[in-house]
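Chain residues, written in single-letter form:
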Amino acid sequence: MPIMRFDSDFFVPFLVFSIPLVAIVGGITAGIIRTLGQQRIVEMAQRERIAAIERGIDPSKLPPMPGMMSRGDDVSAMYLSPTEYARRRSMNLMTGGVITLFAGIGVGLFLYIVARDDNAWGVGIVPTAIGIGLLVSSALVRPRNGQPPHAS
């Protein structure tokens, strides 16, 4: 029986193909775990609600159920007011927009410096445009006068 040697001819291709496989399996596993966690939170909220109703608390005074939220499906936003939810949404879009905008500018400058005689710097236009789009959407969903924007 031949002895298998782990040299670079075997190990490098194995490593190259194992990285995407681990990333895909890890992403799917993280999604399943997140879904199970959210389901557990909804289940606990239902039990808490039933216990409160059994004790005679008016159901209209209880917070809304996680699955019955009018905006978004984020379980962490379950107890937020619509104004606070809109403010956090705007802030998250702004953060993503600034990061993507500067990443696009950085990629464009990097490619301009590396390949001065080519027009490779134009690759940075795509993430820059995405960053600008996120900043514009952040401005559109920002609550004004203490009121969240109306859903259309």
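Residues numbered from 1 in each chain as written. Predicted model: local features only at pLDDT ≥ 70, side-chain atom pairs only at ≥ 80, totals over all residues. Heavy atoms only, no water.

Honestly, the overall build of the chain in this entry has me stumped. Any pointers?
Along its length, the chain carries 3 helices and 0 strands. Moving toward the C terminus, one meets the helices and strands of the chain in the order α-α-α. Residues counted as buried form 16% of the 152 residues belonging to the chain. Pairs at least 24 apart in sequence give 55% of the contacts found in the chain among residues at least 6 apart. When the accessible surface of the chain is split by element, carbon and sulfur atoms take 67% of a total near 11700 Å². (Helix = DSSP H or I, 4+ residues; strand = E, 2+ residues; numbered from the N terminus. Buried < 20%, exposed > 50% of the residue type's maximum accessible area, 1.4 Å probe, protein only. Contact = heavy atoms within 4.5 Å. Areas by Shrake-Rupley, 256 points an atom, 1.4 Å probe, with all protein chains shown as cover.)

I'm lost on helix α2 (residues 82-114) in this one. Help?
Residues separated by three or four positions in an α-helix point in the same direction, a consequence of the helix having 3.6 residues per turn. Over its 33 residues, α2 runs 48 Å from end to end, which matches the ideal 48 Å to within 8%, given 1.5 Å per residue. Listing the buried residues of α2 in full gives Y85, A86, S90, G97, L101, G104 and G108. Elements in contact with the buried residues of α2: α3 (125-141). (Expected span 1.5 Å × (residues − 1).)

Where do I start with the packing of α2 against α3 in this structure?
Between two packed helices, what matters for the description is the angle formed by their axes and the separation of those axes. Across the interface, α2 lies against α3 with an axial gap of 7 Å and an inter-helix angle of 160 degrees. Comparing the axis directions of α2 and α3 gives the class roughly antiparallel. Of the two elements, α2 crosses α3, and the hand of that crossing is left-handed. Seen from α2, the contacting residues are A86, R89, S90, L93, M94, G96, G97, V98, T100, L101, G104 and I105; seen from α3, they are P127, T128, I130, G131, I132, L134, L135, S137, S138 and V141. Partitioned by chemical class, the residues of the contact of α2 with α3 number 12 nonpolar, 9 polar and 1 charged. (Axes fitted to C-alpha atoms, helices over the stretch in contact; angles between N-to-C directions. Parallel < 35°, antiparallel > 145°, perpendicular 65-115°, else oblique. Left-handed = near helix turned anticlockwise from the far one by under 90°. Nonpolar A, V, L, I, M, F, W, Y, C, P; charged D, E, K, R; others polar.)

Just to check I follow, could you spell out the environment of P63 for this structure?
By the secondary structure assignment, P63 is in the loop between α1 (8-54) and α2. A C-alpha to C-alpha distance of 8.9 Å links P63 and R49, two positions 14 residues apart in sequence.

Please clarify how α3 should be interpreted in this entry.
Counted at 1.5 Å a residue, the expected span for α3 with its 17 residues is 24 Å, and the 24 Å between its end C-alpha atoms agrees. Looking at the buried positions of α3, the neighbouring elements they touch are α2.

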